[in-house]
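Listed here are the chains, written in short residue letters.
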Amino acid sequence: MARPTIADIATRAGVSKGAVSFALNGRPGVSDATRERILKIAEQMSWRPHSAARALGASRVDSVGMVIARPARTLGVEPFFAHLLSGVQSGLSAESISLQLLIVEDTAAEIEVYRRWASEHRVDGVILVDLTVKDPRVDELRALELPAVVIGGRGGKGALASVWADDRDAMLSIVEYLAALGHRRIAHVAGTPNFQHTQRRIRAVRDAAPRLGLLDAPSLTTDFSDAEGAAITRKLLSQSDRPTAIVYDSDVMAVAGLGVAMEMGVSVPGDLSIVAFDDSILTQLMHPALTALSRDTFDFGRQAAEVLLETIADPGTVINRRTADPVLTVRESTAPPA
């Protein structure tokens, strides 16, 4: 029989998982009557705290950490991260938990932050983004016994809790739509090459090309910046056999690409269709407005916070939560090729 979890108790009691955590750890935040009811249900279900949770509970600091290893200038113009962080903070604030946010240069620096946080017990858990191929952070966090949740992919094939959407299916929906319009030369301006989500999107384009009869479907990697997005677009549009459609891995790069097309006298969507993998106010306010994948990024962040708090309360349970896939929102930047 499976070991009962915080979620099982919450379902039986008809309360939130946060309320169960408060009651089981003797913390304020629930009424005496609710606390007594939760404890009684926990006893009936033979629930016992995980040893790591019991040790952590004795010195809880009510703070979680998030370290982002990307250039600060790039992050400063990305609506995706603003919405994601707002959602994370919303989920944590509902349980009176604070968020420590640091921006560092690379993964090595990020790992050093985790080691310091763990040794000084500065946080109760951490949120990971941008999972890389053979990511060293997964084993490091397991060795530190620091509760963690991965946003955007399964952490170490399920070794860490995760909240994710299917990047492959999302990318396929874009390529299939463009192919249905008649495009046969589709370029992909991708993100950082060692990110797992970048690799999933590249493979999706590559695998779909022969099935959809594409003549050309290159993926060119970048650092997600507007500058590199513009430079790659300029290179693509300077070719004699230039693409009739370009898919960008971020809204910022898509907007930069639109600017380059206008600079070079390439009509959008008359001569070139543009699609952004991320939707935002940027893509909506452009002229023409950009076709993009839409999703509730705020709720994505809120669910990540929720899963992390569940993991902190019960480290023995690894939660892999799949969220709704992004949906293609067709706007004025896509049309059949001339």
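What counts, and at which threshold
- Residues numbered from 1 in each chain as written.
- Predicted model: local features only at pLDDT ≥ 70, side-chain atom pairs only at ≥ 80, totals over all residues.
- Heavy atoms only, no water.
- Pairing = 2+ DSSP bridges.
- Helix = DSSP H or I, 4+ residues; strand = E, 2+ residues; numbered from the N terminus.
- Axes fitted to C-alpha atoms, helices over the stretch in contact; angles between N-to-C directions.
- Parallel < 35°, antiparallel > 145°, perpendicular 65-115°, else oblique.
- Left-handed = near helix turned anticlockwise from the far one by under 90°.
- Contact = heavy atoms within 4.5 Å.
- Nonpolar A, V, L, I, M, F, W, Y, C, P; charged D, E, K, R; others polar.

- The protein chain is annotated in an unreviewed UniProt entry as LacI family transcriptional regulator from Kribbella sindirgiensis.

A short note on the sheet that holds strand β11 (residues 320–322)
Thinking step 1. The strand order across the open sheet built from six strands is β2-β1-β3-β4-β5-β11, with neighbouring strands paired in parallel fashion. A strand with exactly one partner marks an edge of an open sheet, and here the two such strands are β2 (98–103) and β11. The sheet shows a mean angle of 20° between the axes of neighbouring strands, direction not considered.
Thinking step 2. Here three bridges tie strand β3 (residues 125–128) to strand β4 (residues 148–151), and the two strands are oriented parallel to one another. Paired with V126 across the bridge in β4 is A148.

Describing the packing of helix α11 (residues 226–237) against helix α12 (residues 251–263)
Thinking step 1. Where α11 contacts α12, the axes come no closer than 8 Å and their chain directions differ by 45°. By the angle between their axes, α11 is oblique relative to α12. Crossing of α11 against α12: the hand is right-handed. Contact residues: D226, G229, A230, T233, R234 and L237 in α11; V252, M253, A256, G257, V260, A261 and E263 in α12.
Thinking step 2. Classifying every residue of the contact of α11 with α12 gives seven nonpolar, three polar and three charged.

With respect to the sheet that holds strand β9 (residues 273–276)
Thinking step 1. Pairing is mixed in the open sheet, where six strands are placed in the order β7-β6-β8-β9-β10-β12. What marks the edges here is a single partner per strand, and that holds for β7 (219–220) and β12 (327–329).
Thinking step 2. With two bridges connecting them, β9 and strand β10 (residues 291–294) associate as parallel partners. Considered in β10, the bridge of V275 is made with T291.

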